Every structure is written in structure tokens, then in C-alpha cells.
Amino acid sequence: LRRQMGTAVSHLVITPDSLALHDVWLDTAVFRQKLASAKLADWQAALDLYAGDLLEEMDQFWLLSQRAELRELYLAGLQRTCQALLRQQRLNEALATAHRWTLADPLNEAAHASAIQLYARLGRYAAALQQYDTLVQLLADELDVAPLPETEALVADLRAQRQTAAAPQPLPPQLIGRQAERSLLLTQLEQLRDGQGSVVLLEGDPGIGKTRLLEAAAAAARHRNLRLAWGRLAEHSVPHRFAPLPE
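Since the structure is predicted, the reported quantities are computational estimates derived from the model, not experimental observations. (Residues numbered from 1 in each chain as written. Predicted model: local features only at pLDDT ≥ 70, side-chain atom pairs only at ≥ 80, totals over all residues. Heavy atoms only, no water.)

Peer 1: Summarise the nonpolar core; cite the residues concerned and give the values.
Peer 2: One finds I116, L118 and L158 to be the most contacted residues of the largest nonpolar core, which totals 21 residues. Those elements giving two or more residues to this core turn out to be helix 3 (40-49), helix 4 (61-87), helix 5 (91-104), helix 6 (109-121), helix 7 (125-142) and helix 8 (149-166). Sequence-distant contacts of L158, defined by excluding residues within four places in its chain, comprise I116, A120, Y125, A128 and L129. Residues F31, L75, W101 and A104 belong to the second largest nonpolar core, which totals 12 residues. (Core = buried A, V, L, I, M, F, W, Y, C linked by side-chain atoms within 4.5 Å. Buried < 20%, exposed > 50% of the residue type's maximum accessible area, 1.4 Å probe, protein only. Helix = DSSP H or I, 4+ residues; strand = E, 2+ residues; numbered from the N terminus. Contact = heavy atoms within 4.5 Å.)

Structure representation (C-alpha cells):
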């Protein structure tokens, strides 16, 4: 062994009873370390290290448990990373992770449901329905079962969203002026889509176009597939907490 390894033998610790590696970089060790981190970037780096099952060209019995453990860590890491990216509104990255998850675990319905949800959030309804069709075919072919009721409900809601999005919407009147204020609101929307929320206070005298400016901002938010809530408060109503919300 010493003759075969040449200078690399310095990385071996050899005793009469054991053989161990010393001072070497092990991808499995780094993989475990980064997945144990609290940082999303470390999780992503760990997932990139996983290139397939451990020593998949070998079939020794002692490998089976370690191979299975690393694979389960990888699948759990995909799910956790996908959910974290979704919480940060990094939808395209989350979708790419969901795709990796479905490829690594094709019969995992939660993985397909995540991809369907993300397609819908991005406004890609046809791709979402195609993903659902793929799931239905896989479950039927491999397990002879139908998707879970939760997945069926998700897709029913998706079809309703698609019909609403396809319905012609009346065009709002053209916004004249207020370019600086509109540019500020659009910047805030872009930051919101990247997971950086904020509060903007719009004030001014009656009749100067505040509502029209907000309508333009709302249209821009819908175009970016952002969730929108709109409240209105009567000028002389009795004040109470959260008054605009019921309206």
C-alpha cells in the first residue's frame, strides 16, 4: 500500500489494527457540516456537493447504511432549502430546488406540490398543471394511487386562479405625471419581491391623485404576481383599530 500511494501515504495513519485517513478534504464531512449550519447559503453549498449516492459503483454491505443516511440528509436538505427560499420570496431559486427534489425523489408528493405552488406563484399556470399531470402519472404507474386531497385542492385553486388571470381586465386610466412617486413605489415592489418588505406613507390634499397613484402601484404588484390587499376607510367613520381591513 505504501509503495502504491507514493507521497500520498502521508495522509494515512496505519497501525497494526487499523487504517485511517489524516489531513484530507472529505466531501461527505463538508456536506454534513454545511447542512448542520443555520445559514441558507451553507445548505445550498451542501446540496451542490451531493453528486449522487455514495460510491454507487460499489456494492459492499458496509456502505449501505451510510449511503442511505447521506441520501436522506440530501432529501431533507432539498426540502428545507426550498421552503427557506420560498419564505424569502426567491421564487425562481426555490423552483429550481423543487425540481432537484422531484428528480431525486420522484414519488414524493410534497416535492411535486412545492413545484406546482411555485409555478403558480410565478404565473406559469400551464407548467404547474403539467407538473401535476406528471405526478398523477407517476403515482398511478408506480403505486396505483391518486394524489392526496390536499394536492387536489391546490390544483383546483390553481385552475380557478388561471381562469381569473385569463379573464379580460379593464385597463386603468393612464397615469399622468407623478413619475418620481411611481418610480419610488416600483422600487419598493421590486425589493418586496426579493423578500425586503417596507412601509410607504402616501399623503397629500384631497383630489391630487393619491388613489390613482395607488391603483397604478396595485396594477404593478399584480403584474409581479405579488399578493395584494386593498382597504378603504370612510372619512367620518367612528375610529377603531384595523378599520380599513373590514372594508
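That covers the picture; the talk isn't over yet.
Peer 1: A description of the packing of aromatic side chains should follow, citing residues and the corresponding values.
Peer 2: On inspection of all chains with the given rule, the structure shows two aromatic pairs. Pairing F31 with Y50 gives two aromatic rings, centres 5.8 Å apart and planes at 40 degrees, and the pair type is tilted. With a gap of 19 residues between them, F31 in helix 2 (residues 27-35) and Y50 in the loop between helix 3 and helix 4 connect regions that are remote in the sequence. Residue classification places F31 among the buried positions, given a relative accessible area of 3%. (Phe/Tyr/Trp six-rings, centres within 6.5 Å; stacked < 30°, edge-to-face > 60°.)

Peer 1: Talk me through helix 6; I want residue IDs and the actual numbers.
Peer 2: Between its first and last C-alpha atoms helix 6 spans 18 Å; for 13 residues at 1.5 Å apiece the expected length is 18 Å, and the two agree. Judged by how many residues are buried, helix 6 sits mostly within the fold: 10 of 13 residues are covered. Within helix 6 the residues assigned to the buried category are E109, A111, H112, A113, S114, A115, I116, L118, Y119 and A120. The backbone nitrogen of A110 lies 3.0 Å from a side-chain oxygen of the residue at the head of helix 6, namely N108. In the segment just after helix 6, G123 is the residue with positive phi, at about 80 degrees. (Expected span 1.5 Å × (residues − 1). Polar contact = N/O pair within 3.5 Å; in protein donor to acceptor, adjacent residues only side chain to side chain.)

Peer 1: Run through the packing of helix 6 against helix 7, naming residues and quoting values.
Peer 2: With their axes 7 Å apart at the nearest point, helix 6 and helix 7 run at an angle of 165 degrees to one another. The orientation of helix 6 with respect to helix 7, classified from their angle, is roughly antiparallel. Here helix 6 runs over helix 7; the crossing is left-handed. Contacts from E109, H112, A115, I116, Y119 and A120 of helix 6 reach helix 7 at Y125, A127, A128, Q131, Y132, L135, L138 and L139. Its residues placed into classes, the contact of helix 6 with helix 7 shows 11 nonpolar, two polar and one charged. (Axes fitted to C-alpha atoms, helices over the stretch in contact; angles between N-to-C directions. Parallel < 35°, antiparallel > 145°, perpendicular 65-115°, else oblique. Left-handed = near helix turned anticlockwise from the far one by under 90°. Nonpolar A, V, L, I, M, F, W, Y, C, P; charged D, E, K, R; others polar.)

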